Amino acid sequence: MATQEKKLLVGTGKGLLLWQKEAGSWKLNDIFFRGMPVSMLYVDPRHADWWVGLSHKHWGQKLHVSRNQGKSWEHIPMPQYPASALLSNGQPANLKRIWIMEQGGADQPEKLWMGTEPGGLFLSEDRGRHFSLVESLWNHPSRSDENQWFGAGRDHPFIHSISVNPTDSHHLYLAVSCAGVFESKDGGQSWNPKNQGLIAAYLPNPHVEVGHDPHRLLMSPSHPEVLWQQNHCGVFRSADAGLHWDNVSDTQGLADYGFALAIDEQDPLKAWLIPAESDEERVPKDLRLRVSMTQDGGKSWQVLAQGLPEEASFGLAFRHGLVKSGADMAFGTNNGNLFVSTDEGQHWEAIHHHLARIDVLAFA
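Now for a look at the structure at hand. (Residues numbered from 1 in each chain as written. Predicted model: local features only at pLDDT ≥ 70, side-chain atom pairs only at ≥ 80, totals over all residues. Heavy atoms only, no water.)

## With respect to the pairing of strand E20 (residues 258-263)
Phase 1 of the analysis: With six of six residues buried, E20 is to be regarded as a mostly interior element.
Phase 2 of the analysis: Taken together, the four bridges between E20 and strand E21 (residues 271-275) define a ladder with antiparallel strand orientation. Within E21, the position partnered with Leu261 by the bridge is Leu273. (Buried < 20%, exposed > 50% of the residue type's maximum accessible area, 1.4 Å probe, protein only. Helix = DSSP H or I, 4+ residues; strand = E, 2+ residues; numbered from the N terminus. Pairing = 2+ DSSP bridges.)

Printed below as a string of structure tokens:
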């Protein structure tokens, strides 16, 4: 039986692009939503559904799903905040952007979670046809303090990462910029902050319980007690299900600040990220586009740069711009460059240089 070729979906500021791997090479196969900014992309492995969020300046937020791998698309009504959902200034909450979608557990084939701005978590129990606000998180006591939940480079806090424990569908984590990591052990009925050991250097008290700025949060699929995050103030790893976070930033200063993060599907000690300069500049560290990798849980880091540009570079990968599937990896930059690797980042190849800003990637 022939092996099905892998697909790579690339969400850009001007549409969704589909690359397909054929005979070992990546070929541009199709373009969807041409001219539209793609803000969210999710491939549901349970049904092979492709979800796309659009963030148009004129028409606002739009949500679409394809249940046949791009042959046709269905428009899904946008989730609505209830009238009781108010912002810290007392104004009614309105959905500004969809940041992330994640499936429920294997025993919840119809369940989908959605993270949005301004910091609302939504839940669908009918495969995305309807979403409702998870009010237990919206009404969490910490949210009432605008010094604990606040925007990070944006007007409002936003939920950009959701991880569901593959061995317990009722156990999940999410990350909020800015607020931090929250855990639920009862399917979202209650939430507790899990930020012990993190640093919020931008606050008067850098060790606050809530008020942290994770840029990306991932759970090890094979060892769900292991969590990784690329944080505004460094790289952090937890080996005890979020009870405590260890700062595993590179002692040489390279793997420290950044946005994008990928981890290995089997080995909980392996992770990849793309180093950046400070949030004021948001350019590659030392203007050299490189990937950093650790194979020992962050005790040491190595630079992976073969095939990446040697000259000064200003392109940077943002929080959903780095993905891994087996030995295949890909990342895209905010100046439209797309890179792929077939050996876990040891060698990189540029397959396009002239795209619009790339915000999100997904293997299908």
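## Thoughts on the sheet that holds strand E14 (residues 180-184)
Phase 1 of the analysis: With respect to topology, four strands assemble into an open sheet ordered E12-E13-E14-E15, the strand pairing being antiparallel. The open sheet has two free edges, formed respectively by strand E12 (158-164) and strand E15 (192-193), since each of these has just one partner strand.

## Focus: the pattern of salt bridges
Phase 1 of the analysis: For the structure shown, the criterion picks out 16 salt bridges.
Phase 2 of the analysis: The residue Arg154 makes a salt bridge to Glu117 at a minimum N-O spacing of 2.6 Å. One end of the pair, Arg154, is in the loop between helix H1 (135-138) and E12; the other, Glu117, is in strand E9 (residues 112-117), and 37 residues separate them in sequence.
Phase 3 of the analysis: In this structure Glu117 comes out as buried when scored by relative accessible area, which is 4%.
Phase 4 of the analysis: With a closest N to O distance of 2.9 Å, Arg357 and Asp359 form a salt bridge.
Phase 5 of the analysis: Here the residues in one salt-bridge network are Asp264, Glu265, Lys270, Lys324 and Glu344, joined through shared partners. (Salt bridge = Lys/Arg side-chain N within 4 Å of Asp/Glu carboxyl O.)

## Quick word on the packing of aromatic side chains
Phase 1 of the analysis: Scanning the entire structure with this criterion turns up 12 aromatic pairs.
Phase 2 of the analysis: Ring centres of Phe33 and Trp73 lie 4.9 Å apart, and the angle between their planes is 65 degrees; this geometry places the pair in the edge-to-face category. Placement of Phe33 in the loop between strand E3 (25-32) and strand E4 (38-44) and of Trp73 in the loop between strand E6 (60-66) and strand E7 (74-76) is noted, with a sequence separation of 40 residues between them.
Phase 3 of the analysis: For Phe33, a relative accessible area of 19% corresponds to the buried category.
Phase 4 of the analysis: Among the aromatic side chains, those forming a connected cluster through ring pairs are Phe32, Phe33 and Trp73.
Phase 5 of the analysis: Taking NZ or CZ as reference, Lys6 lies 5.5 Å from the ring centre of Phe363, over its face.
Phase 6 of the analysis: Taking NZ or CZ as reference, Arg97 lies 4.0 Å from the ring centre of Trp99, over its face. (Phe/Tyr/Trp six-rings, centres within 6.5 Å; stacked < 30°, edge-to-face > 60°. Lys NZ or Arg CZ within 6 Å of the ring centre and 35° of its normal.)

## Structural notes on the state of the cysteines
Phase 1 of the analysis: A full pass over the atoms with the stated rule returns zero disulfides.
Phase 2 of the analysis: As a non-bridged cysteine, Cys178 has Cys233 as the owner of its nearest cysteine sulfur, 8.9 Å distant.
Phase 3 of the analysis: When its relative accessible area of 2% is taken as the criterion, Cys178 is described as buried.
Phase 4 of the analysis: Among the residues examined, Cys233 registers a relative accessible area of 17% and is labelled buried. (Disulfide = S-S within 2.5 Å.)

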